[in-house]
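# An overview of the molecular structure
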Amino acid sequence: MQDNPAVLISEVGPRDGLQSVDSVMPTEHKLRWIDALHAAGLREIEVASFVPAKLLPQMADAAAVVRHAITLPGLTVMALVPNLRGAQAALAAGVHKLTIPCSASAAHSLANVRMTRKQMIATVREIVALRNDIAPRVRIEAGISTAFGCTIQGEVPEDDVVWMAAQAIAAGAEEAGLSDTTGMANPAQVRRLFNRVRAEIGERTGAAHMHNTRGLGLANCLAAYDVGVRTFDASLGGLGGCPYAPGASGNVVTEDLVFMFEAMGLSTGVDLEKLIAARAPLQAGLPGEPVYGMVPQAGLPPGWKQSAGVAA
Ligand code: ZN
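Since the structure is predicted, the reported quantities are computational estimates derived from the model, not experimental observations.

## Things to note about the overall build of the protein
Counting secondary structure elements, the protein contains 13 helices and eight strands. Here the C-alpha radius of gyration of the protein, 18 Å, is about what a compact globule of 312 residues would show, namely 20 Å. Relative to its 312 residues, the protein shows a buried fraction of 57%. The long-range fraction of contacts in the protein, counting pairs at least 24 apart against all pairs at least 6 apart in sequence, stands at 75%. Counting 25 positive and 29 negative side-chain charges, the protein places the averaged centre of each group 4 Å from the other.

Below, the structure is given as C-alpha cells:
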C-alpha cells in the first residue's frame, strides 16, 4: 500500500449501513465482508455501534466484530458510541478510535439520544476521561450530525454547528467532523461550513460524512475536498444512511467515491476492482438487500488505470 494516500476513505458500511437495514447480518458474514474491505486497501473501517442489543439487534455482536477487525494489519478500527457505557464496552473490545454522534440540531439531539446538546458535550467529556484512564492511545472523533439540516427542526443555524464542533474539541475530542445525516447539504453550504469550522478548530476538523439522498453526495465530497477535507466516510454499495425513498441511496457509495478521486489522480490506497469484489460478501450476508453504485453498474472504463500505490 502507498504510504500516504492523498485522501483517506473511511468505510462505514458495517456500522452505518448494517444498523439501517432491518435484517441482521450473521457475524461470520460480517467478518468475511470486513476482511474483503481490508483486502481492497481500506485502512479505516467503522465496524460496529456499541448500543444495547435490544435497541439494535444488528449490532449485538459488536465486541466480537471488533476483536476480529483489530487483527487485520494496518487497519484503524472504529466504533460508534453514544454514551459512556458504549465507550466502556468498545474500549474493552480494543477499538482504535471512537466516534461520538453529537447533533447540532437541538430537536434531533433530544429525539435521537434523549439528551440536550450540552448534556451530549458532558458525555463527550466523560468518555474522554475514561479513555485517558484506560486507553490513552485511542482517538476520539465527534461526528457533528444534522450539520446541514434536520428533518425535525428544518434549518440548523451554522453558528450552532460551529459551536457544537468547538465544544466537542474543548471537551477533549481530537477531531470533529460534519455529517449530512439527512441528505440536505449542497456544495456551497459544505464549503462555507467546513471553512467556518476550520477557522474555529483548525487541524482538528475531521471527516466529511455525506449522504447521497438527493444525488449530491459526490459533489458535496468534492466541495469538502476543495476546502481541505481529506477524510471521507462512505459505505460500500451505499448501504444505509436511512434512505427516504425507494431507489435512493443513503450513504455516499464507496466505489463511486474511490472512482472519483482516483480518476482525478488523487490516490486513495484502495484497489477499485477488489473493492467492487467486496460487494459479494456483503450481498451474501444480506440476501435481497438493494445495493447501489454507478461505477459497479457501468463497470470500469476501458484502459482504466489507478493512480500509483494501491494495496498490495
Ligand atoms: Zn451515514
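Picking up after the structure, the text goes on.
## What to know about the coordination of the zinc ion
Six octahedral donors around a metal ideally subtend angles of 90 or 180 degrees, whereas four tetrahedral donors ideally subtend 109.5 degrees. Surrounding the zinc ion are the protein donor atoms Asp16 (OD), His209 (NE2), His211 (NE2) and Asn251 (OD1), at 2.1 to 2.2 Å. Seen from the zinc ion, its four donor atoms lie at angles of 87 to 164°, and the figure they make is irregular. Of note, the donors binding the zinc ion are all from one chain and are spaced D-x192-H-x1-H-x39-N. Here the residue Asp16 occupies a position in helix 1 (residues 13-20), and Asn251 occupies one in the loop between strand 8 (231-234) and helix 10 (254-263), the gap between them amounting to 235 residues. Residue classification places Asp16 among the buried positions, given a relative accessible area of 7%. A residue is classified by how much of its surface remains accessible, and Asn251, at 1% relative accessible area, is buried.

## Quick notes on the sheet that holds strand 2 (residues 44-49)
One closed barrel holds the eight strands; their spatial order is 1-2-3-4-5-6-7-8, and the pairing between them is parallel. Ignoring which end each strand starts from, the neighbouring axes of this sheet average 30° apart. The sheet strands contacting helix 1 are strand 1 (8-11), strand 2, strand 3 (76-80), strand 7 (205-209) and strand 8, and the helix crosses strand 2 at an angle near 40°.

Analysis parameters
- Residues numbered from 1 in each chain as written.
- Predicted model: local features only at pLDDT ≥ 70, side-chain atom pairs only at ≥ 80, totals over all residues.
- Heavy atoms only, no water.
- Helix = DSSP H or I, 4+ residues; strand = E, 2+ residues; numbered from the N terminus.
- Rg over C-alpha atoms; globule rule 2.2 N^0.38 Å.
- Buried < 20%, exposed > 50% of the residue type's maximum accessible area, 1.4 Å probe, protein only.
- Contact = heavy atoms within 4.5 Å.
- Lys, Arg positive; Asp, Glu negative; His and termini not counted.
- Charge placed at Lys NZ, Arg CZ, Asp CG, Glu CD.
- Donors = N, O, S within 2.8 Å, 3.2 Å for Na, K, Ca; no water.
- Tetrahedral: all angles 85-135°; square planar, octahedral: opposite > 155°, others 65-115°.
- Pairing = 2+ DSSP bridges.
- Axes fitted to C-alpha atoms, helices over the stretch in contact; angles between N-to-C directions.

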